[in-house]
Amino acid sequence: MANPDRLTALDTTFLHLEDHSTAHMHVASVMVFAGSAPTHAEFVDHVESRLHLVPRYRQRLAYVPLDQGRPVWTDDPHFNPYYHIRHTALPKPADDAALKQLAGRLFSQRLDRSKPLWEIWLVQNMSGGRFALVAKTHHALVDGISGVDITTVLFDTAPEPAPTPGPPVPWTAKPLPGSAKLLGEALRERATVPGEMTRGVRALLRAPRKAVSQVVGGLTSIGATTLAGINAPAPDSPFNVDIGPHRRYTFLDADLDRFKAIKDSLGGTLNDVVLASVTLTLGRYLRDQGVDTDGLELKAMVPVSVRADSQRGALGNQVAAMWAPLPVGIENPAECLQQIARAMEDLKNSGQAVGAQVLTNLAGFAPPTILSQAARLQARQRFFNLVVTNVPGPQFPLYVLGRRLQVLYPVVPLARRQALGIAVMSYDGHLGFGLLGDYDALPDLERIATDLDWAIASLSRAAGLEPAAKRSPASSATPHRAARRARSGGPSANGRSASKRAGASS
């Protein structure tokens with residue numbers, strides 16, 4: 001029987017992506033609350049009282065000798081909640097800009113693999129009577145979808161909730177397994193795989209038509225996934241350069257109903273509107289950098305959850321991916337959204353996401369040394385320019401120790417030669433955009449956030465949600481941008497730095 005505490009092939013790949021690289025494979029979030037912060041001790045007590053609901057958070061990795069098996073989760077006998085739950089304060093004025101700088105520094109630090117792979121920082125005394133939590137969890141432990149469910153374990157749905165039932169017995173760490181046991185279990189599990197394959201052969205003989213149909217369907221979807229990357233590799237872009245270990249982070253809060261109204265007016269899905277916002281943003285940014293975007297189509301890797309509803313809340317990764325086109329050369333907001341909606345519908349029908357999941361399942365048979373090499377190849381891939389992930393969150397207020405969560409901004413990690421990642425999460429009527437950038441490659445990350453605000457406003461105007469009077473004066477735009485705006489129906493530059501406007505005065 002397979003060890004349920006052994007990492008899956010996909011989880012292990014996230015570890016290998018960090019090896020000998022400057023990538024940090026942790027997902028994260030920045031959460032801002034109303035009210036005064038609890039004390040550090042109060043918050044530690046609160047988290048510790050619920051850790052029995054997420055036992056992985058007290059476990060660390062144990063590695064199989066000679067790389068003869070994937071690592072397993074084992075209890076950490078030295079677990080100390082005060083190591084994982086830390087507190088700090090922001091320098092005055094303790095505003096959002098200071099929070100972004102702090103988050104960028106925290107996301108630049110790799111999690112210690114000798115300990116449970118998570119941290120939560122309590123950020124006290126923000127301006128406006130607020131405080132924040134900055135949480136990091138390694139991607140090998142949890143993916144975005146299950147992360148939402150696990151996070152709610154530490155939250156309440158009412159300011160004064162009913163007491164959380166305690167564990168049946170106090171937690172006591174199990175002894176760490178020795179090297180001989182780790183190696184023996186790994187070899188024994190490997191030996192059982194042929195038995196599982198034999199049972200599959202017997203099932204094939206019992207129901208050949210059904211099995212053959214499943215195999216053909218799987219191979220077809222694998223072909224769709226592979227051809228999507230090989231036939232049209234991602235183009236060169238300023239976002240695909242060597243990255244360092246340091247990060248910048250910024251965020252933007254948007255109205256969820258606004259995105260729904262855009263969808264209802266212009267068509268497509270909510271995710272299509274998010275992708276259109278990102279596309280318009282990147283197109284405007286690239287043109288300002290002197291990049292010719294005519295006919296340019298970037299490619300985004302869009303993670304798709306393949307977790308069944310019955311599995312929501314379980315730890316571990318069950319995600320596939322689609323390679324979504326971002327036509328950054330299109331400046332007309334409505335046309336951009338419509339083209340993305342058509343492309344995404346075609347991708348869904350092509351079986352790309354199913355194919356990616358089939359490949360993930362097949363990776364479970366690969367020895368760890370092969371997985372390690374595969375991770376290195378993935379890091380050098382040219383299949384996509386950046387990751388854009390849109391995760392649905394709870395649409396009701398959440399509380400920690402009676403304090404209401406106001407907004408939540410997610411984080412998606414950067415892989416090698418990918419200097420920008422954009423994560424989106426919905427919560428209680430908000431859409432929180434989190435932009436993570438390499439510190440050296442994207443020193444003007446805030447400019448991309450400004451362009452994102454502009455892109456959302458452009459889609460709103462195209463959908464008839466904002467009057468023309470709200471547009472910026474034409475005099476604030478450069479002649480070439482005004483000409484583009486006349487062709488596309490888009491708004492003028494808003495909040496733009498005069499130094500970036502060729503020939504424009506302040």
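Residues numbered from 1 in each chain as written. Predicted model: local features only at pLDDT ≥ 70, side-chain atom pairs only at ≥ 80, totals over all residues. Heavy atoms only, no water.

(A) Structural context of the overall build of the chain. Helix and strand content of the chain: 14 helices and 14 strands. For the chain, with 506 residues in total, the buried portion stands at 52%. Of the contacts formed within the chain by residues at least 6 apart in sequence, a portion of 79% connects residues at least 24 apart. On the chain, roughly 22500 Å² of surface is accessible, and the fraction owed to carbon and sulfur atoms is 57%. (Helix = DSSP H or I, 4+ residues; strand = E, 2+ residues; numbered from the N terminus. Buried < 20%, exposed > 50% of the residue type's maximum accessible area, 1.4 Å probe, protein only. Contact = heavy atoms within 4.5 Å. Areas by Shrake-Rupley, 256 points an atom, 1.4 Å probe, with all protein chains shown as cover.)

(B) Main features of helix α1 (residues 9-18). Where burial is concerned, most of α1 is hidden: 10 out of the 10 residues are buried. When we look at burial in α1, the residues that qualify are Ala-9, Leu-10, Asp-11, Thr-12, Thr-13, Phe-14, Leu-15, His-16, Leu-17 and Glu-18. Positive phi shows up at His-20, right after α1, with a value of about 55 degrees.

(C) The packing of aromatic side chains, seen in detail. Scanning the model with the defined rule gives nine aromatic pairs in all. Aromatic rings pair up to connect Phe-107, Tyr-249, Phe-251 and Tyr-409 into one cluster. In this structure, Lys-100 is placed above the aromatic ring of Phe-251, and the distance from its NZ or CZ to the ring centre is 4.9 Å. It is Arg-284 that lies over the ring of Trp-454; its NZ or CZ is 4.3 Å from the centre. (Phe/Tyr/Trp six-rings, centres within 6.5 Å; stacked < 30°, edge-to-face > 60°. Lys NZ or Arg CZ within 6 Å of the ring centre and 35° of its normal.)

(D) Representation of the nonpolar core within the structure. Counting 73 residues, the largest nonpolar core has Leu-99 and Phe-433 as its most contacted members. Top contributing element to this core by residue count: helix α9 (residues 270-288), with nine residues. When sequence neighbours within four positions are dropped, the list of residues in contact with Leu-99 reads Val-30, Val-32, Leu-90, Val-123, Met-126, Ala-132, Val-134 and Phe-251. Core analysis: the next-biggest nonpolar cluster, separate from the first, contains 36 residues, Leu-111, Ile-120, Val-142 and Leu-154 among them. (Core = buried A, V, L, I, M, F, W, Y, C linked by side-chain atoms within 4.5 Å.)

(E) Fine view of the sheet that holds strand β6 (residues 130-138). Spatially, six strands are ordered β4-β5-β6-β1-β12-β11 in an open sheet, and the strand pairing comes out mixed. Of all the strands in the sheet, the pair left with one neighbour each is β4 (85-89) and β11 (399-400). As paired strands, β4 and strand β5 (residues 118-126) are joined by five bridges and run parallel to one another. Within β5, the residue paired with His-87 across the bridge is Leu-122. (Pairing = 2+ DSSP bridges.)

(F) Up close: the pairing of β6. Taken across its nine residues, β6 has nine buried, putting it largely inside the fold. Covered by surrounding structure in β6 are Arg-130, Ala-132, Val-134, Lys-136 and His-138 together with Phe-131, Leu-133, Ala-135 and Thr-137, the residues of both alternating faces. When strand β1 (residues 26-34) meets β6, the two strands line up antiparallel, connected through nine bridges. Bridged to Ser-29 within β6 is Ala-135.

(G) Here's a closer look at the pattern of salt bridges. The tally for this structure, following the rule as stated, stands at 16 salt bridges. A salt bridge links Glu-18 to Arg-113, with the shortest nitrogen-to-oxygen separation between them at 2.9 Å. Taken together, the positions of Glu-18 in helix α1 and Arg-113 in the loop between α4 (96-106) and β5 put the pair 95 residues apart, joining distant regions of the chain. Relative accessible area serves as the criterion here: at 0%, Glu-18 is assigned to the buried category. (Salt bridge = Lys/Arg side-chain N within 4 Å of Asp/Glu carboxyl O.)

(H) Expanded view of the packing of helix α8 (residues 256-266) against helix α13 (residues 445-462). Running from N to C, α8 and α13 cross one another at 45 degrees; their axes reach a closest spacing of 9 Å. Classed by the angle they form, the pair α8 and α13 counts as oblique. As α8 runs across α13, the sense of the crossing is left-handed. Contacts between α8 and α13 involve Arg-258, Phe-259, Ile-262 and Leu-266 on the former and, on the latter, Ile-456, Ala-457, Leu-459, Ser-460 and Ala-462. Looking at the contact of α8 with α13 residue by residue, the classes come out as seven nonpolar, one polar and one charged. (Axes fitted to C-alpha atoms, helices over the stretch in contact; angles between N-to-C directions. Parallel < 35°, antiparallel > 145°, perpendicular 65-115°, else oblique. Left-handed = near helix turned anticlockwise from the far one by under 90°. Nonpolar A, V, L, I, M, F, W, Y, C, P; charged D, E, K, R; others polar.)

(I) Quick peek at unusual backbone geometry. Residues Lys-92 and Pro-93 are joined by a peptide bond in cis, for which omega reads 10 degrees. Structurally, Pro-93 is set in the loop between β4 and α4. One non-glycine residue, Ala-94, adopts positive backbone phi at about 55 degrees. Of note, Ala-94 is situated in the loop between β4 and α4.

(J) Geometry of the side chain of Ser-237. For Ser-237, the position within the fold is in the loop between α7 (208-230) and β7 (247-255). Looking at Ser-237, its side chain comes within polar contact range of the side chain of Asn-240, at 2.7 Å. (Polar contact = N/O pair within 3.5 Å; in protein donor to acceptor, adjacent residues only side chain to side chain.)

(K) Structural context of the side chain of Asp-272. Inspection of the secondary structure puts Asp-272 in helix α9. For Asp-272, a relative accessible area of 3% puts it in the buried group.

(L) Up close: the packing of α9 against α13. Viewed as axis vectors pointing N to C, α9 and α13 meet at an angle of 125 degrees, and their least axial separation amounts to 8 Å. The pairing of α9 with α13 is recorded here as oblique in orientation. Where α9 crosses over α13, the handedness of that crossing is right-handed. Of α13, the residues touching α9 (which contributes Val-273, Ala-276, Ser-277, Leu-280, Thr-281, Arg-284 and Tyr-285) are Arg-447, Ile-448, Asp-451, Leu-452, Trp-454, Ala-455, Ile-456 and Leu-459. The residue inventory of the contact of α9 with α13, partitioned by class, reads 10 nonpolar, two polar and three charged.

(M) Summary view of α8. Listed in full, the buried residues belonging to α8 are Leu-256, Phe-259, Ile-262 and Leu-266. Around the axis of α8, the buried residues are gathered within 120 degrees of arc, so they sit on the same side. Away from its buried face by more than 90 degrees, α8 exposes Asp-257 and Asp-264. At the C-terminal side of α8, Gly-267 shows a positive phi close to 95 degrees. (Arc of directions from axis to C-beta.)

(N) Looking closely at the environment of Asp-440. Within the element layout of this structure, Asp-440 appears in the loop between β14 (430-438) and α13. Between the alpha carbons of Asp-440 and Arg-248 there is a distance of 8.8 Å; along the sequence they are 192 residues apart.

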